Amino acid sequence: MGKVKNIQLYKSGEPTVVTIGTFDGVHIGHQKIINRLIKTAQKDHLKSVILTFFPHPRMVLQKDSHIKLINTIDERRQILEALGIDHLLVKKFTAAFSRLSAQDFVKQVLVDKLNAKKVIIGYDHRFGRNRNANIADLKTFAEWYDFEVEEISAQDVNDVAVSSTKIRKALLEGDIAKANAYLGYHFMLTGTVIEGKGLGKQLEYPTANIQIKEDYKLIPKHGSYVVNTIINKKVVYGMMNIGMNPTVNGENESIEVHFFDFDKNIYNKKIQINLLSRIRDEYKFDSVESLKLQLKKDKETALSYIQSFKNQIEF
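Residues numbered from 1 in each chain as written. Predicted model: local features only at pLDDT ≥ 70, side-chain atom pairs only at ≥ 80, totals over all residues. Heavy atoms only, no water.

> Help me understand the environment of Asp261 in this model?
Its location among the elements puts Asp261 in the loop between strand S11 (254–259) and strand S12 (270–281). The spacing of Asp261 and Gly238 is 23 residues in sequence and 8.7 Å in space, taken between C-alpha atoms. (Helix = DSSP H or I, 4+ residues; strand = E, 2+ residues; numbered from the N terminus.)

> Would you take a moment to explain the environment of Pro246 for this structure?
With respect to the secondary-structure elements, Pro246 resides in the loop between strand S10 (234–243) and S11. On the accessibility criterion, Pro246 (22% relative accessible area) is partly exposed. Separated by 159 residues in sequence, Pro246 and His87 place their C-alpha atoms 46 Å apart. The residues touching Pro246, leaving out its near neighbours within four places in the chain, are Glu282, Tyr283 and Lys284. (Buried < 20%, exposed > 50% of the residue type's maximum accessible area, 1.4 Å probe, protein only. Contact = heavy atoms within 4.5 Å.)

> What should I look at first to understand the packing of aromatic side chains in this one?
Working definition: an aromatic ring pair is given by the centre-to-centre distance plus the angle between the planes. With the rule as written, the count across this model stands at 12 aromatic pairs. Note on Phe53 and Phe93: the rings are 6.1 Å apart at their centroids and 85° apart in plane angle, and the pair reads as edge-to-face. Here Phe53, found in strand S3 (residues 47–54), pairs with Phe93, found in the loop between strand S4 (87–92) and helix H4 (95–98); they are 40 residues apart in sequence, far enough to count as distant. Judged by its relative accessible area of 11%, Phe53 is buried. Using a relative accessible area of 10% as the deciding quantity, one classes Phe93 as buried. By way of ring pairs, the aromatic residues Phe53, Phe93, Phe97, Phe105 and Phe127 are connected into one cluster. The side chain of Lys91 reaches across the aromatic face of Phe97, ending 4.5 Å from its centre. (Phe/Tyr/Trp six-rings, centres within 6.5 Å; stacked < 30°, edge-to-face > 60°. Lys NZ or Arg CZ within 6 Å of the ring centre and 35° of its normal.)

> Explain the nonpolar core to me, please; I cannot follow it from the model alone.
Met240, Phe259 and Leu275 are the most contacted members of the largest nonpolar core, which has 48 residues in total. Contacts of Met240, omitting those with residues within four sequence positions, involve Leu189, Gly223, Ser224, Tyr225, Val227, Ile255, Glu256, Val257, Ile273 and Leu275. In this structure, Ile20, Val109, Leu110 and Ala116 belong to the second largest nonpolar core, which totals 29 residues. (Core = buried A, V, L, I, M, F, W, Y, C linked by side-chain atoms within 4.5 Å.)

> What is the right way to read the sheet that holds strand S8 (residues 208–211) from this model?
The strand order around the closed barrel built from six strands is S7-S8-S11-S10-S9-S12, with neighbouring strands paired in antiparallel fashion. The average angle at which neighbouring strand axes cross in this sheet is 45°, direction not considered. Against the sheet, helix H3 (residues 73–83) makes contact with strand S7 (188–194) and S12, and its axis sits at roughly 125° relative to S7, the strand it touches most. Contacts from helix H8 (residues 176–183) reach strand S9 (223–231) and S12 within the one sheet, and its direction differs from that of S12 by about 130°. (Pairing = 2+ DSSP bridges. Axes fitted to C-alpha atoms, helices over the stretch in contact; angles between N-to-C directions.)

> Could you clarify how one ought to interpret the pattern of salt bridges in this entry?
Two side chains of opposite charge can pair, provided their charged atoms sit close to one another. Under the counting rule described, the total for this entry stands at 18 salt bridges. A salt bridge links Asp44 to Lys43; its shortest N-O distance comes to 3.0 Å. Lys43 gets classed as exposed once you look at its relative accessible area, which sits at 58%. Salt bridges here are not isolated pairs; linked through shared partners, they connect Lys32, Arg36, Lys43, Asp44, Lys118, Glu148, Glu150 and Asp156. (Salt bridge = Lys/Arg side-chain N within 4 Å of Asp/Glu carboxyl O.)

This is the structure we're talking about:
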C-alpha cells in the first residue's frame with residue numbers, strides 16, 4: 001500500500017476507484033464498503049483509493065465541538081493498511097477547503113489528482129461548499145468528467161452510521177465486548193510509557209503508565225480491563241486500570257497497565273494496548289489493603305479470561 005500521508009504528495013496518475021469518508025473506527029460497516037472498493041478495483045483493473053480527512057470536519061467547523069474519535073489518525077492508517085487497499089490519502093481539512101465548490105472538488109481532487117474512473121459513495125453523501133451537493137450532482141459531474149458513480153444503499157449507509165454511534169456509546173459505558181463486536185477487532189489505546197508515581201509498585205502490582213498525546217482520542221469508561229500488547233514481537237498480557245485512583249486520592253486520570261510475566265524496562269517506548277474484556281468498575285476502597293485484595297481477584301479474573309482467549313485462538 002502507498003503510505004501517503006498528504007494527498008499533495010500523491011502523483012501516481014494510474015486510474016483509480018475511490019471512496020471518501022472519515023472512517024473513524026474502520027468498523028464492520030466501513031469494512032463492508034472497503035471490501036467492495038477492493039473487489040471493484042480488482043475486477044476493473046483500477047487502483048483502490050480511500051480519501052479521508054483530518055482533522056475531523058467537526059473539529060474545524062464547530063469550534064466548540066468536543067467530539068472524541070475511536071481511532072487516532074495513525075491507528076486509522078494502520079487498520080486500513082491491513083485491509084489491503086492500494087492507497088490511503090489524507091486530505092488536511094481546513095476552513096478554506098470546506099469552501100471549495102462541489103465542482104471544483106470533483107475536478108481538482110477526484111479527476112485531476114486521483115484520476116478517478118469510479119467513485120463508490122453513499123446515497124446520502126453531501127459535499128462541496130456548505131455541503132450543498134448530493135449524489136445526483138455527483139452523477140452529473142461524472143457524465144461531464146467521464147467517471148462512474150456506484151451508489152451505496154441506504155441499508156449499508158445506515159449500518160455505518162449506527163455502528164459508529166453504538167461503538168462510542170458502548171466504550172463510554174464500558175461495554176468493551178459490544179464495541180469490539182462492532183469494530184471487528186479489539187479497541188486500542190496507543191501511547192508512550194512514562195514514569196508514574198510508583199503507586200503500582202507499592203501495591204505489589206507495578207504498572208506501565210500510558211500517556212496518549214492525542215486529546216481527541218476517546219477513552220473508555222473508568223475501570224479495569226484485560227489487555228494485551230506486542231513488545232519485542234511477543235504478545236504480552238496484563239490488566240489495565242483507567243481512572244482517578246480514588247483509594248489513594250488521585251487527582252488526574254491515568255491509564256496504567258500491569259503486565260503478567262514481564263518485567264523489562266519499557267520507559268519511553270510507544271506501545272499499542274488492545275482491550276480484550278472488562279473486569280469491573282473503578283471503586284474507592286476503604287483501605288489500601290482492601291485494594292490489594294481486589295487486585296488479586298482482578299488478576300485471577302484476568303488470567304482465567306486470558307486462558308479462555310488463548311484456547312479460542314488455538315482452536
